[in-house]
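Summary of structural features
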Amino acid sequence: MGRIYTELDTFKKYLYITTKVEQAISNTLKKLSPNERKIIFLCGSSGDGKSAILTKLKSSYETFVSFHLDATHSFSPHEDAIQTLDSVFHKHDQKFKPLVVGINTGMLGNYSQEGANERIKSAIAKYLETGEQQSDVHFINFEDFPKFELDDSGLRVKFAEELLDKLTSNSELNPFYKACQFTKENKPSLEEQILIANYELLCLSAVKKTVIELLFKARVYKNQFLTARALLDFIFEMLAGPRYLMDNLFEGVENEIGQKLADFDPANIRTKSVDRFILAANLGIHEEAFDQFESDVTTQLRINLTNTENNAQSYLRLFYLLMPEPFSNDYHKEFSEAFSDEDLSGYIKLYRLHMEAAKYEDRLAVRDFYSKQLRPALRHFNNRSGRKLEKNQYLVSEAQGFAIAAKIDIKFDRIKLLEAIQRDQNKAPNISHFEAHISVNSNPASILVNANLYKLINKINDGYRPNRHDKNAIILLDELNDDIAQIANQSNTLQFITDSKTILVEQVDKDEFEVSGL
C-alpha cells in the first residue's frame, strides 16, 4: 500500500502547476513579520485548489504563520464551521502571529452574517460589498486571477494548457508518458489499447487546441467555471472512459464540465455535408479520400472504428478534434465550414474591441456592431408584435387597436464606453461578457452582452423569434428595452398607428398638443 501511495504522489507532484494566485499569496507571506497580527483569507470556489496551495506553503511558513486550511471543516462534532472559525479567530487574537485561512466565498458571506468576531465580520462585509482591503485583514481571491484570457496570440486558458502540456510531454521525466510506453511494450489488453490511443490522441497539438476551445465554450455559453478539481476529473474521464476519446468527450462524461460539452457535440450539427456523410456511412458508401483517411486513423492514431456502432458520429467528432491542423489527406477539413462557430469568433472579436476601444483603428469596427447588429436587433425584438413600424420607430405600448410608437435615436456611446474602461481598469477581466454602451435620444444606457446574447442578436436579425429556450438572454434584452421605453415615454412626439392611418401627437407647450393625421 505504501508503494502505491508513493507512486501516486509522484504523479501528483509532477502535475502540480504553480499558478498566479499561489505566487500572490507566497509573495504576501514573504512580506509578513513574525509578530504581525494579520489575517489573510485565500478565497474562491470549492475545488479550485486552496487547500493544495496552503498545504504546500505551510511546510515553509508554519514556524511563524498559523494556517487554517479549510474553513468549511470543524474541529469537533459539537461545532459547525462558523463556530470553528470563531475559535480560530479567538486564538489568533491571543497571539502575535499572522493567520492564513482557506475559505469558500460562500462561507465568507456566511461568516459576515453569523460569526461572533465583529472586527472580522466588518472587514469581510466591506470586502464583499466594495472590494476594500483592511490593513489587518487581507483577501486574495481566485476570481482576481481569471483562468480565461485573450491576448495578441488569441484565446488562452493557461492553467489548462500547462496541465495538458505536462500530461502529454514525451519526456522521460513524465511518469504518464513512461507508463504509456511501458504498457505499449507489454501486450496491452483491449481496454489498455483504447487508453493508449486516447492518450496519444490527446498528445496531438490539434486535439489540445480543440479541447481548450471547448472549455472556453463551456465557460461563455454555459457559465461553467473551471476549477482544478473539475478539470482533473474531466481529463481523467476523457482519457479513461469506456470509448475512444472523441466519444468520451461528447457523450456525457460523468463530470460537470463533460456534461456541458455534450451540448457542443459536432455529430448533432445538421448541414448538407454532415448529413451526406452520415447517410453514406450508414449505407456503407465511402469516398476514396475517406478510405485513405480511415486507414491513416487506424495505423497512425491506433483508432479502429470499422466494426463500431454509429461510427459516422465517432468520425465526425474526430474530424472536429483534428480540425485545427493537417492530418493524413486532410479529409476532415471538408467539414471546417460546418464546424466553424462564427458567433463565438464574432463575440471574441467584439470583447477585445470593447476592452481596447480607445484605439482609433477600432472605432469603425465597434460602431458597425452597434449600427448593424445591436440596434436592428433591439428594434426587431421590441417591435415583435407584428405591427410594421419604420426603422426609427419603437413600440411603446398597444391600446384600443392602436400601436403607440415613438421615434428613438439609438447610437454608440463611445464616451461612456471609455469611461467604463477607465473605471474598470484595475478589475480582473471577465471574459463572460462585455458592456455595450448606447445613447438613446441622448440618454445613456448599457447592456451586458454575453456570448448567448450575441448569438441571439444575430439570430433575431436573421428573422428568428425568441422563445422560452432563450430566456436568460431575453432577460437582458427586456431590461434594456424597459430603459428605452422609459425614455420613449418622455418623448414630445408619439405616433398612434393602425393598419390604415398614423396619428401624430406632438407636445408643443406644457399643456398644449398638436394632433395631425386624423
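In this report, we go over the structure that sits alongside the text. (Residues numbered from 1 in each chain as written. Predicted model: local features only at pLDDT ≥ 70, side-chain atom pairs only at ≥ 80, totals over all residues. Heavy atoms only, no water.)

**What to know about the nonpolar core**
Which entries qualify depends on this criterion: In plain words, nonpolar cores are sets of buried Ala, Val, Leu, Ile, Met, Phe, Trp, Tyr and Cys residues tied together by side-chain atoms within 4.5 Å. Buried, partly exposed and exposed residues are distinguished by accessible area as a fraction of the type maximum, computed with a 1.4 Å probe on protein chains only: under 20%, between the cut-offs, and over 50%, respectively. A run of H or I in DSSP counts as a helix once it spans at least four residues, and a run of E counts as a strand once it spans at least two, with each numbered from the N terminus. Residues are treated as being in contact if the distance between any of their heavy atoms lies within 4.5 Å.
Among the nonpolar cores identified, the biggest contains 108 residues, and Leu201, Leu215, Phe234 and Phe319 are the most heavily contacted of them. With 9 residues, the single largest contributor to this core is helix H10 (residues 205-222). Those residues within four positions of Leu215 in sequence are excluded, and the remaining contacts are Phe148, Ala160, Leu226, Leu231, Phe234 and Ile257. Core analysis: the second largest hydrophobic core is formed by 21 residues, Ala81, Phe89, Met107 and Ile120 among them.

**Some points on a negative patch on the surface**
What counts, and what does not: Each patch is built from residues lacking any salt bridge and having more than 30% relative accessible area; the joining distance is 9 Å for like charges and 5 Å for nonpolar side chains (Val, Leu, Ile, Met, Phe, Trp, Tyr). Every accessible area reported is derived by Shrake-Rupley at a probe size of 1.4 Å, with residue values counting cover from the shown protein chains alone. Just to be clear on terms, a salt bridge is a Lys or Arg side-chain nitrogen sitting within 4 Å of an Asp or Glu carboxyl oxygen. For this count, His and the chain ends are skipped, Lys and Arg are scored as positive, and Asp and Glu as negative. The atom standing in for a charge is NZ when the residue is Lys, CZ when it is Arg, CG when it is Asp and CD when it is Glu.
Taken together, the side chains of Glu287, Glu288, Asp291 and Glu334 make up a negatively charged region of the molecular surface. Note on placement: Glu288 falls in helix H15 (residues 288-300).

**Looking at the sheet that holds strand E2 (residues 66-68)**
Using the following cut-off: Should DSSP find at least two bridges between two strands, the strands are regarded as paired. Axis lines are fitted to C-alpha atoms, over the contacting stretch for helices. Their N-to-C directions set the angle, which ranges from 0 to 180 degrees.
Within the open sheet, the 4 strands sit side by side as E2-E3-E1-E4. Their pairing is parallel. Strands at the two margins of the open sheet, each flanked by one partner only, are E2 and strand E4 (137-141). Going from strand to strand, the sheet's axes swing by 20° on average, the running direction of each strand aside. In the sheet, strand E1 (residues 39-44) pairs with strand E3 (residues 99-104) via 6 bridges, with the strands oriented parallel. Bridging across to E3, Cys43 finds its partner in Ile103. Contacting E1, E2 and E3, helix H4 (residues 81-93) crosses the sheet at an angle of about 165° to E3. Helix H6 (residues 118-130) rests against E1 and E4 of the sheet, and its axis sits at about 40° to E4.

**Details of unusual backbone geometry**
Residue Arg302 is not a glycine yet carries a positive backbone phi of 60°. Along the polypeptide, Arg302 turns up in the loop between H15 and helix H16 (311-322). Phi at Ser328 takes a positive value of approximately 50°, unusual for a residue other than glycine. Among the secondary structure elements, Ser328 is positioned in the loop between H16 and helix H17 (336-339).

**Section: the packing of aromatic side chains**
To keep it simple, the criterion reads: Stacked, tilted and edge-to-face are the three classes assigned to paired rings of Phe, Tyr and Trp, where Trp is represented by its six-membered ring and a pair needs centres within 6.5 Å; plane angles under 30 degrees give stacked, over 60 edge-to-face, the rest tilted. We count a charge as sitting over a ring when the NZ of a lysine or the CZ of an arginine lies within 6 Å of the ring centre and within 35 degrees of the ring normal.
Enumeration according to the criterion identifies 31 aromatic pairs in this entry. Measuring from ring centre to ring centre gives 6.1 Å for Phe293 and Tyr331, while their planes differ by 50°; the resulting arrangement is tilted. Of this pair, Phe293 sits in helix H15 while Tyr331 sits in the loop between H16 and H17, placing them 38 residues apart in sequence. Here Phe369 and Tyr454 contribute two aromatic rings whose centre-to-centre distance is 6.3 Å and whose plane-to-plane angle is 35°, an arrangement assigned as tilted. With a gap of 85 residues between them, Phe369 in helix H19 (residues 363-382) and Tyr454 in helix H21 (residues 451-461) connect regions that are remote in the sequence. Here Phe369 and Tyr454 have matching classes, each one buried. Through a chain of ring-to-ring contacts, the aromatic side chains of Phe250, Phe277, Phe290, Phe293, Tyr315, Phe319, Tyr320, Phe327, Tyr331, Phe335 and Phe339 assemble into a single cluster. In this structure, Lys166 is placed above the aromatic ring of Tyr14, and the distance from its NZ or CZ to the ring centre is 5.1 Å.

**Details of the side chain of Asn198**
Just so we agree on the cut-off: Any pair of nitrogen or oxygen atoms within 3.5 Å is treated as a polar contact; in protein, a donor-acceptor pairing is required on top of that, and neighbouring residues in sequence qualify only through side-chain atoms on both sides.
Assignment of secondary structure puts Asn198 in helix H9 (residues 190-202). Within polar-contact distance, the side chain of Asn198 engages the backbone nitrogen of Leu245 at 2.6 Å. Among all residues touching Asn198, those that are not within four sequence positions of it are Met238, Leu239, Arg243, Tyr244, Leu245 and Asn248.

**Some thoughts on the sheet that holds strand E10 (residues 434-440)**
Backbone-to-backbone hydrogen bonds pair the strands of a sheet. The strands run either parallel or antiparallel. Pairing is antiparallel in the open sheet, where 3 strands are placed in the order E9-E10-E11. Where the open sheet ends on each side, the last strands, each with one partner, are strand E9 (410-412) and strand E11 (443-449). Within this sheet the neighbouring strands show an average axis-to-axis angle of 35°, counted without direction. In terms of strand pairing, E10 meets E11 through 7 bridges, oriented antiparallel. Bridge assignment links Phe434 to a residue of E11, and that residue is Val449. Docked against the sheet, helix H20 (residues 414-423) engages E9, E10 and E11, running at close to 145° with respect to E10. The sheet strands contacting helix H22 (residues 471-489) are E9, E10 and E11, and the helix crosses E11 at an angle near 175°.

**Overview of the pattern of salt bridges**
Applying the stated criterion across every chain yields a total of 25 salt bridges. A salt bridge links Glu22 to Lys56; its shortest N-O distance comes to 3.1 Å. Of the two residues, Glu22 sits in helix H2 (residues 20-30) while Lys56 sits in helix H3 (residues 50-61), which places them 34 residues apart along the sequence. A salt bridge links Arg317 to Glu251; the nearest nitrogen and oxygen atoms lie 3.0 Å apart. With a gap of 66 residues between them, Arg317 in helix H16 and Glu251 in the loop between helix H12 (245-250) and helix H13 (256-261) connect regions that are remote in the sequence. Relative accessible area serves as the criterion here: at 5%, Arg317 is assigned to the buried category.

**A short note on the environment of Lys12**
With respect to the element layout, Lys12 can be found in helix H1 (residues 2-15). Classification of Lys12 as exposed rests on a relative accessible area of 62%. Linking Lys12 and Pro175, residues 163 residues apart in sequence, is a C-alpha distance of 9.9 Å.

**Brief notes about the layout of surface pockets**
Gaps left between atoms show up when a probe the size of a water molecule is rolled over them. We count it as follows: A pocket, in this scheme, is an open set of points on a 1 Å grid over the protein atoms alone with protein on both sides within 12 Å along at least 5 of 7 lines, while a cavity is a set where a 1.4 Å probe fits but cannot get out; residues line either one if an atom lies within 4 Å of a point. Grid points are joined across faces, edges and corners, and a volume is the space filled by probe spheres set on the points. When residues are grouped by polarity, Ala, Val, Leu, Ile, Met, Phe, Trp, Tyr, Cys and Pro land in nonpolar, Asp, Glu, Lys and Arg in charged, and all others, Gly among them, in polar.
As a volume, the largest pocket reaches approximately 1500 Å³. Lining the largest pocket we find 49 residues, and of these Glu143, Lys427, Ala428, Pro429 and Asn430 sit closest to its centre. Contributing elements (two or more residues each) for the lining of the largest pocket: helix H5 (105-114), H6, E4, strand E5 (149-151), helix H18 (342-355), H20 and E10. Here the residues of the lining of the largest pocket are counted per class, giving 22 nonpolar, 13 polar and 14 charged. What lines the second largest pocket is a set of 44 residues, among which Tyr16, Gly49, Ala52, Phe159 and Ala228 lie closest to the centre. Secondary-structure elements contributing two or more residues to the lining of the second largest pocket are H1, H2, H3, E3, helix H7 (158-168) and helix H11 (228-240). When residues in the lining of the second largest pocket are grouped by element, the largest group, 6 residues, is from H1.

**Section: the state of the cysteines**
Rules: Whenever a pair of cysteine sulfur atoms sits within 2.5 Å, that pair is classed as a disulfide.
Considering all chains together, one arrives at 0 disulfides under this definition. Looking at the unpaired Cys203, the closest cysteine sulfur is the one in Cys180, lying at 7.0 Å. Looking at Cys203, the relative accessible area reads 28%, which means it is partly exposed.

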